[in-house]
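Letter by letter, the chains look like this.
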Amino acid sequence: MPNPQFTKPWHGVPREQIAWNPHIIEEACIGCGTCVTGCSRLVYRFDFERKKPVVVDPLNCMVGCTTCANTCPAHAIAFPPIESVLALEGLAQVRHAVEDDLLARHDILAAPAAAALPHPDRIVTLTVTAISHPTPDVMRVTLAPVQAGECFCEFTPGQYIELWEPEASHLSRSYSIANAPHGDGSIELHIRRVEGGRFTDWAFKHMKVGDRLQARGPLGGFTMRSPAGVPLLFIAGGTGFAPVLALLEQQVRFDPARAMTLVWGMRRSADFYALDTLRQLLAEAPNLRVLLVAESGDAVPATMERLDYAPGTVLDALRKDGQLIGHCDIYAAGPPAMLRELAHALGAMGVEAQRIHIDSFGV
Ligand SMILES: Cc1cc2nc3c(=O)[nH]c(=O)nc-3n(C[C@H](O)[C@H](O)[C@H](O)COP(=O)(O)OP(=O)(O)OC[C@H]3O[C@@H](n4cnc5c(N)ncnc54)[C@H](O)[C@@H]3O)c2cc1C
Ligand code: SF4
Ligand code: SF4
């Protein structure tokens, strides 16, 4: 019998809607019974005559658990790909249910002070000094330190920070810094509106100049790893442009003659922003080429040499023009789904993994 204790909704999703349970590969199973006795949720029973486990209550299985498969000496247990669970974690309702659950059970789940490990977290207070909305779905936000020196002056281009919504101590999200370090410690973020998103809903409706926000960082390892002289291909999807812009700005400042290409993809051509910034970089870097690609909308006019437009996706562009990848080291940032597809495609095209650097915006 399915046990109600084990079959309750998983972060708000009814358990019966989630295909997650073990499958026995009969011909490999040696009938040791480890899975049957090892699972505390009574998913299995044992067929004593045949000496084989039987999956009797699949819904009792804990979503994401693979303990029985890991401990099976004959590798005779299979599960669906973990991507099916990760896709659920990509749903706002699941993310919000986890957040609400953490808060509701704060007293039980909060780590005791004695268990806290010393950590290098650096939390500073920043103030919003400028906001612009280059498109209805993107905001560019400039933040500056409230106190001189209390900033992320030492970050490496490509890194990100975690930003807290004021008055909501639990609500924080990560945003890439969209510039190379400036002497005054200011940073720019590019925030894309997410339908039903908690932080972006607040940011688009309520964030204003003068707000003070807590920020943690700098974080992340999406930083320049390639030796000088190696040509670079930057690939950005949506606001994945932010960390890529920081890396580009760094290169244009320190090695403007470097061979570099940026391929930037958007859903609609009207979504491109910061084109003036790109034009300025193109003017300073004679071997930089920019290719904008969008799945729909009018072509972006080629107002400048080395600034081109093509309809389609980033992957279409890479497949169409093999020269884009060439011998470049690749730096790609954007939504997880796009990057998963890109990583697969680059692997299939024979690009060695050590040439690919990826910054995934997501779970
Ligand atoms: C390293 C990193 C850098 C990022 N940089 C940028 C950036 O420069 N610009 C930008 O627009 N966005 C960036 N993001 C995404 C950003 O952190 C938020 O996830 C996004 O703005 C949605 O937040 P929300 O509260 O509005 O939406 P939510 O209420 O969280 O829900 C919307 C969806 O966001 C998804 N989601 C993805 N990642 C996370 C996460 N880490 N925490 C919570 N939910 C997540 C959830 O799956 C959910 O479906 C980055 C994410 C990471 C991990
Ligand atoms: S642990 Fe593996 S080999 Fe042992 S009974 Fe279970 S499936 Fe069969
Ligand atoms: S995955 Fe975990 S919960 Fe599911 S059957 Fe195996 S041991 Fe039990």
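Residues numbered from 1 in each chain as written. Chains lettered and ligands numbered in written order. Predicted model: local features only at pLDDT ≥ 70, side-chain atom pairs only at ≥ 80, totals over all residues.

1. Concerning the overall build of the chain
And step 1. The secondary structure content of the chain amounts to 10 helices and 16 strands.
And step 2. Counting only C-alpha atoms, the chain reaches 80 × 50 × 40 Å along its principal axes.
And step 3. The buried share among the 363 residues of the chain stands at 29%.
And step 4. Taking the contacts inside the chain whose residues are at least 6 apart along the sequence as the reference set, 68% of them involve residues at least 24 apart. (Helix = DSSP H or I, 4+ residues; strand = E, 2+ residues; numbered from the N terminus. Buried ≥ 20, exposed ≤ 12 C-beta atoms within 10 Å, placed from the backbone. Contact = placed C-beta atoms within 7 Å.)

2. A word on the sheet that holds strand β15 (residues 329-334)
And step 1. Read across the open sheet, the six strands follow the order β14-β13-β12-β11-β15-β16; overall the sheet is parallel. In this open sheet, the two strands that pair with only one neighbour each are β14 (307-311) and β16 (356-360). Geometrically, the sheet is characterised by an average inter-axis angle of 15° between neighbouring strands, direction not taken into account.
And step 2. As defined by bridge partners, strand β11 (residues 232-237) adjoins β15 across five bridges and the pair is classed as parallel. Within β15, the position partnered with A236 by the bridge is A333.
And step 3. Packed on one face of the sheet, helix α7 (residues 241-254) meets β11, β12 (260-268), β15 and β16 and runs near 155° to β11.
And step 4. Relative to the sheet, helix α10 (residues 336-348) contacts β11, β15 and β16, its axis offset from that of β16 by approximately 165°. (Pairing = 2+ DSSP bridges. Axes fitted to C-alpha atoms, helices over the stretch in contact; angles between N-to-C directions.)

3. Digging into unusual backbone geometry
And step 1. The omega angle of the peptide bond from G217 to P218 is -5°, so this bond is cis rather than trans.
And step 2. Among the structural elements, P218 can be located in strand β10 (residues 212-219).
And step 3. Positive phi, close to 70°, is recorded for R306, a residue that is not glycine.
And step 4. Take R306: it is sitting in the loop between β13 (288-296) and β14.

4. Brief notes about the site of ligand 3
And step 1. As a structural note, the neighbourhood of ligand 3 is formed by P22, C39, R41, V43, C61, M62, C65, T66, T67 and C68.
And step 2. Within the shell around ligand 3, the residues separate by chemical class into seven nonpolar, two polar and one charged. (Near = placed C-beta within 6 Å. Nonpolar A, V, L, I, M, F, W, Y, C, P; charged D, E, K, R; others polar.)

5. Description of the nonpolar core
Generally speaking, a soluble globular protein has its nonpolar side chains buried in company with each other.
And step 1. L189, F234, I235, V244 and L262 are the most contacted members of the largest nonpolar core, which has 63 residues in total.
And step 2. Broken down by element, the residue count for this core peaks at eight residues, all from α7.
And step 3. No fewer than three residues from each of domain 2 (123-219) and domain 3 (232-360) sit in this core.
And step 4. When sequence neighbours within four positions are dropped, the list of residues in contact with F234 reads V244, L247, L248, M260, L262 and Y331.
And step 5. If you look at the next biggest cluster of nonpolar residues, it comprises 10 residues, including C35, C68, C72 and A76. (Core = buried A, V, L, I, M, F, W, Y, C linked by C-beta atoms within 7 Å. Domains from an automatic or database assignment.)

6. Some remarks on the site of ligand 2
And step 1. Surveying the vicinity of ligand 2 reveals 14 residues, the closest of which are C29, C32, T34, C35 and C72.
And step 2. Broken down by class, the residue content of the shell around ligand 2 amounts to 11 nonpolar, three polar and no charged.

7. Quick look at the sheet that holds strand β7 (residues 160-164)
Sheet strands pair by backbone hydrogen bonding; their relative direction is either parallel or antiparallel.
And step 1. Strand order in the open sheet formed by six strands is β8-β7-β10-β5-β6-β9, and the pairing between neighbours is antiparallel. Looking at strand neighbours, the two that pair on one side only are β8 (172-176) and β9 (187-192), the edges of this open sheet. The average undirected angle you get between the axes of adjacent strands in this sheet is 40°.
And step 2. Of the strand pairs in this sheet, strand β5 (residues 123-135) and strand β6 (residues 138-145) are connected by seven bridges, and their pairing is antiparallel. When the bridges of β6 are listed, V128 appears paired with L143.

8. Comments concerning the domain arrangement of the chain
And step 1. Here the domain parsing of the chain yields domain 1 (15-106), domain 2 (123-219) and domain 3 (232-360).
And step 2. The C-alpha centroid of domain 2 is placed 40 Å from the C-alpha centroid of domain 1.
And step 3. In terms of residue class, the side of domain 1 that touches domain 2 is built from two nonpolar, one polar and one charged.

9. Focus: the environment of P73
And step 1. Along the chain, the position of P73 falls in the loop between α2 (67-71) and β4 (77-78).
And step 2. Taking C-alpha positions, P73 is 36 Å from V351, a pair spaced 278 residues apart along the chain.
And step 3. With near-sequence residues (within four places) excluded, P73 lies in contact with C32 and T34.

10. Side note on the environment of R355
And step 1. Tracing the sequence through the fold places R355 in the loop between α10 and β16.
And step 2. Take R355: there are 17 C-beta atoms within 10 Å of it, and that puts it in the partly exposed class.
And step 3. Sequence-wise, R355 and Y331 are 24 residues apart; in three dimensions their C-alpha atoms are separated by 8.5 Å.
And step 4. Not counting chain neighbours up to four residues away, the residues in contact with R355 comprise D329 and I330.

11. Some words on the pairing of β12
And step 1. Of all the nine residues making up β12, seven are buried; the element is thus mostly covered by neighbouring parts of the structure.
And step 2. As judged from the six bridges shared by β11 and β12, these two strands associate in the parallel manner. When the sheet's bridge partners are listed, L233 is paired in β12 with T261.
And step 3. Between the parallel pair β11 and β12, the chain is carried across by α7, and the sense of this crossover is right-handed.
And step 4. Viewed along the sheet, the connection from β12 through helix α8 (residues 275-284) into β13 turns out right-handed. (Right-handed = clockwise from strand over helix to strand, strands pointing away.)

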